[in-house]
Amino acid sequence: MKKKRVDRRKIMGIWNPRSIRFKMVFYSMLCVISVSTCGYLYLFSYLNGIIVEKADKINNIYMENLTVQLEEPFQALFNTGINCANHYDVMKAMKIQEVKTVEDKKVLLQAQNVMNDLLSTTKMKKYVNKILVFNQQGVVVQAVGNHMAYLEDVEQIVEKKLDRNQEETNKFGVFTLGESITPYAKDSFSVLFKVSSFSDRKENGYLYMEVDSSIIKDILVAHSPLNYTVVRNEKDQDNWITDNMNESLLIKLMEESDKEAIVFDKARYKVHKKAIDGTNVSLYNFIDITELSMKENEMLYTLIVVLVLSAVITCAIIIMVSRWVTRPISRLSRRIQKIAENDFSYDPEIERTQDEIGEIGRLVNEMVQSVSNLMNEIIRKNEEQNKIEMALLQAQVNPHFLYNTLDSIHWMAVIQKAPGISNITRSLSNLLKNMAKGVSDKILLEDELSLLKDYITIQSIRYAETFEYKNDIEEAFLQYRIVKMTLQPVVENAIFHGIEPSGRIGTIRISAREDETYLYIDVEDNGVGMNEEQVQHLLADKKQVGRNTMSGIGVSNVNRRLKLIYGKACGLFVESEVDHYTKITVKIRKERDECIKSY
């Protein structure tokens, strides 16, 4: 039934009313048609007003763009002036009171080079008539502009520019349209910057920059055939710049520029004004709206056609976009369906798109890989544990036969008054009984030490006067739980590979310590010790179990078993020094309750 439903959705495709694609197309087209219809009725009733409003918006955009184009060169020149005025070498030059030494000349020359370098970095260099710095003591440094600077320039700057700036509330850093100090030059833009001391910011001089008015005309020339555009000085309204050839009309329009609309010679003009940042001028634009009103019918027809075409194109675009959006979702849905069918393979298709859906696809692939790795890890751990259990089963013998035989030997030794034989048979019987119950159970540390004591009893008879066993574990640790037969293989390794090869009497000492989470049991001997390679081999070798071992488990198996039960942070940790000692630390999680925890 589920497969039939999926197939039915595939057949219906975009026309499935429950699909995301259908909803996107339907609601988008509903919005487009509704808006288009309302727009058509509104345009049909109030076309003339709308056309004027649209024209205003277009002109506002035009004014914004043109203003930005006009502000950009001034901003570039402003930055150049600021960089010059605040450059260390220029500041240093303006601190000179009088040029007396060669060193003073070098400082001025360095300042000139800096100003030339900074000026050469701007594309607006061709409009700069003059740029110079001077102080009240008459020290002048000029950069290379379109015109040479003269000594008289400083007097004109102080008289016509500096004094006026100070009268206007210190309006430094503002480009002002006005009279040029350059002979034979027309009106230009000029700007003054203060040059202060680098250390105490004390005012030491001024930087003067004069920019040719062609900086405005070169920009207006591209717009003058379409509009009546003027740049005018707000302080001196008779001072304005334009590139339009119909100056007689512009003069009339400029006289009434304070009005919102101007009627002149049966034509109607609308006025738009915008200030240019960083200057004292404003941009004026006069639009002839008469022709727009006369072409009302043509515009109406055009708008209707545009609305119809827009609806058709929008429908096509929406269908394409909906397909583009829903295709990766469909791929992701099919991939999740495969995962439900236990297909955990990597699928690069679901993360092909570089968007949120592609990110979800990448996360799905990562999740699939994690699940697959986790399943493989579980399988591997089960196989490892089964191998350990199989090895233990193979090492076991018929317990009842052994118990009866050992019990007979024990009582024969008692009757014949042989306590040594009696003790060793009793210890061996206890060990075999506990091993027959399995070694995967967790028992109290007290019981584990009892088993270890039985094993020590057997080995102390076999290796008489070869080693001494000391148990330094405090009584407080005896109630912690530990996996059965954990300590015996470690002590067995200390006897066979530590004490016995040394050829002398050794000591095996066992102690315990703890922290908030873990219990540490140290088994230390003073035998032959091991180097780093032997230590690695001890923990990694899976075939180290010899014929003389009692349990058949081995140190590496104990390490693997502890990691499987308690987690990878636990296990055996070896510290050794050749010919001195070996210490093996058993690290397990602390447990006092009866529950066996899984990690």
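Each remark here, short or long, concerns the structure printed above.
In this report, we go over the structure that sits alongside the text.

Procedures and definitions
- Residues numbered from 1 in each chain as written.
- Predicted model: local features only at pLDDT ≥ 70, side-chain atom pairs only at ≥ 80, totals over all residues.
- Heavy atoms only, no water.
- Axes fitted to C-alpha atoms, helices over the stretch in contact; angles between N-to-C directions.
- Helix = DSSP H or I, 4+ residues; strand = E, 2+ residues; numbered from the N terminus.
- Contact = heavy atoms within 4.5 Å.
- Nonpolar A, V, L, I, M, F, W, Y, C, P; charged D, E, K, R; others polar.
- Core = buried A, V, L, I, M, F, W, Y, C linked by side-chain atoms within 4.5 Å.
- Buried < 20%, exposed > 50% of the residue type's maximum accessible area, 1.4 Å probe, protein only.
- Pairing = 2+ DSSP bridges.
- Salt bridge = Lys/Arg side-chain N within 4 Å of Asp/Glu carboxyl O.
- Expected span 1.5 Å × (residues − 1).
- Arc of directions from axis to C-beta.
- Polar contact = N/O pair within 3.5 Å; in protein donor to acceptor, adjacent residues only side chain to side chain.
- Phe/Tyr/Trp six-rings, centres within 6.5 Å; stacked < 30°, edge-to-face > 60°.
- Lys NZ or Arg CZ within 6 Å of the ring centre and 35° of its normal.

**Remarks on the packing of helix α16 (residues 532-540) against helix α17 (residues 555-566)**
Thinking step 1. It is the contact of α16 with α17, at a shortest axis distance of 6 Å, that shows an interaxial angle of 65 degrees. Contact residues: Leu538, Leu539 and Ala540 in α16; Val555, Ser556 and Asn559 in α17.
Thinking step 2. For the contact of α16 with α17, a count of residues per class yields four nonpolar, two polar and no charged.

**Topic: the nonpolar core**
Thinking step 1. Residues Met115, Ile131, Phe189, Leu207, Met209, Ile215 and Ile216 are the most contacted members of the largest nonpolar core, which totals 46 residues.
Thinking step 2. Elements with a contribution of two residues or more to this core: α3 (47-85), α4 (88-94), α5 (102-120), β1 (128-134), β4 (188-196), β5 (203-212), α7 (214-220) and β10 (281-288).
Thinking step 3. At eight residues, the largest contribution of residues to this core is made by α3.
Thinking step 4. For Phe189, the residues in contact, after removing those within four places along its chain, are Phe74, Phe175, Thr176, Leu177, Met209, Glu210, Val211, Ser213, Ile215, Ile216, Ile241 and Val281.
Thinking step 5. In this structure, Val483, Ala494, Leu519 and Val558 belong to the second largest nonpolar core, which totals 45 residues.

**Here we look at the sheet that holds β1**
Thinking step 1. Strand order across the open sheet formed by five strands is β2-β1-β5-β4-β3, with antiparallel pairing between neighbours. Looking along the sheet, the strands with just one partner apiece sit at the ends: β2 (140-142) and β3 (176-178). Strand-to-strand, the axes of this sheet are offset by a mean angle of 25 degrees, without reference to chain direction.
Thinking step 2. The sheet contact formed by β1 and β5 spans six bridges and is antiparallel. From the neighbouring strand, Lys130 faces β5, where its bridge partner is Glu210.

**Observations concerning the sheet that holds strand β12 (residues 467-471)**
Neighbouring strands of a sheet are bound in pairs by backbone hydrogen bonds; such pairs are parallel or else antiparallel.
Thinking step 1. Sheet architecture is open: five strands sit in the order β12-β14-β15-β17-β16, paired in mixed fashion. Looking at strand neighbours, the two that pair on one side only are β12 and β16 (571-577), the edges of this open sheet. Within the sheet, the average angular offset between the axes of one strand and its neighbour, ignoring direction, is 15 degrees.
Thinking step 2. Judged from the eight bridges that link them, strand β15 (residues 518-525) and strand β17 (residues 581-589) form a sheet pairing that is antiparallel. When the bridges of β17 are listed, Ile521 appears paired with Val586.
Thinking step 3. Seen against the sheet, α17 touches β16 and β17 and runs at an angle of roughly 140 degrees to β16.

**Overview of the pattern of salt bridges**
Thinking step 1. The tally for this structure, following the rule as stated, stands at eight salt bridges.
Thinking step 2. Here Glu591 ties to Lys442 by a salt bridge, and the two come within 2.7 Å at their closest N and O atoms. Separated by 149 residues along the polypeptide, Glu591 in the segment after β17 and Lys442 in strand β11 (residues 442-444) bring together distant segments of the chain.
Thinking step 3. Classification of Lys442 as buried rests on a relative accessible area of 5%.
Thinking step 4. Between Asp522 and Arg513 there is a salt bridge; the shortest N-O distance is 3.0 Å.
Thinking step 5. Given a relative accessible area of 37%, Arg513 falls into the partly exposed group.

**What to know about α5**
Thinking step 1. Across its 19 residues, α5 extends 27 Å between first and last C-alpha, which sits within 8% of the 27 Å expected from 1.5 Å per residue.
Thinking step 2. For α5, the full list of buried residues reads Asp104, Val107, Leu108, Ala111, Val114, Met115, Leu118 and Leu119. Mapping the buried residues of α5 onto a view down its axis gives an arc of 130 degrees, with all of them on the same face. Residues of α5 that are exposed and point over 90 degrees away from its buried face: Val102, Lys105 and Lys106.

**So, the side chain of Thr585**
Thinking step 1. Tracing the backbone shows Thr585 in strand β17.
Thinking step 2. You can call Thr585 buried: its relative accessible area is 9%.
Thinking step 3. Here the side chain of Thr585 touches Asp522 through a polar contact of 2.8 Å, side chain to side chain.
Thinking step 4. Non-local contacts of Thr585, meaning those with residues more than four positions away in its chain, are made with Arg513, Tyr520, Ile521, Asp522, Gly571, Leu572 and Phe573.

**A closer look at the packing of aromatic side chains**
Thinking step 1. One pass over the full model with this rule turns up five aromatic pairs.
Thinking step 2. Here the basic side chain of Lys587 rests over the ring of Tyr518, its NZ or CZ set 4.3 Å away from the ring centre.
Thinking step 3. When the ring centre of Tyr480 is taken as origin, the NZ or CZ atom of Arg592, which lies over that ring, is 4.1 Å away.

Function cannot be read off these values alone, since they describe shape.
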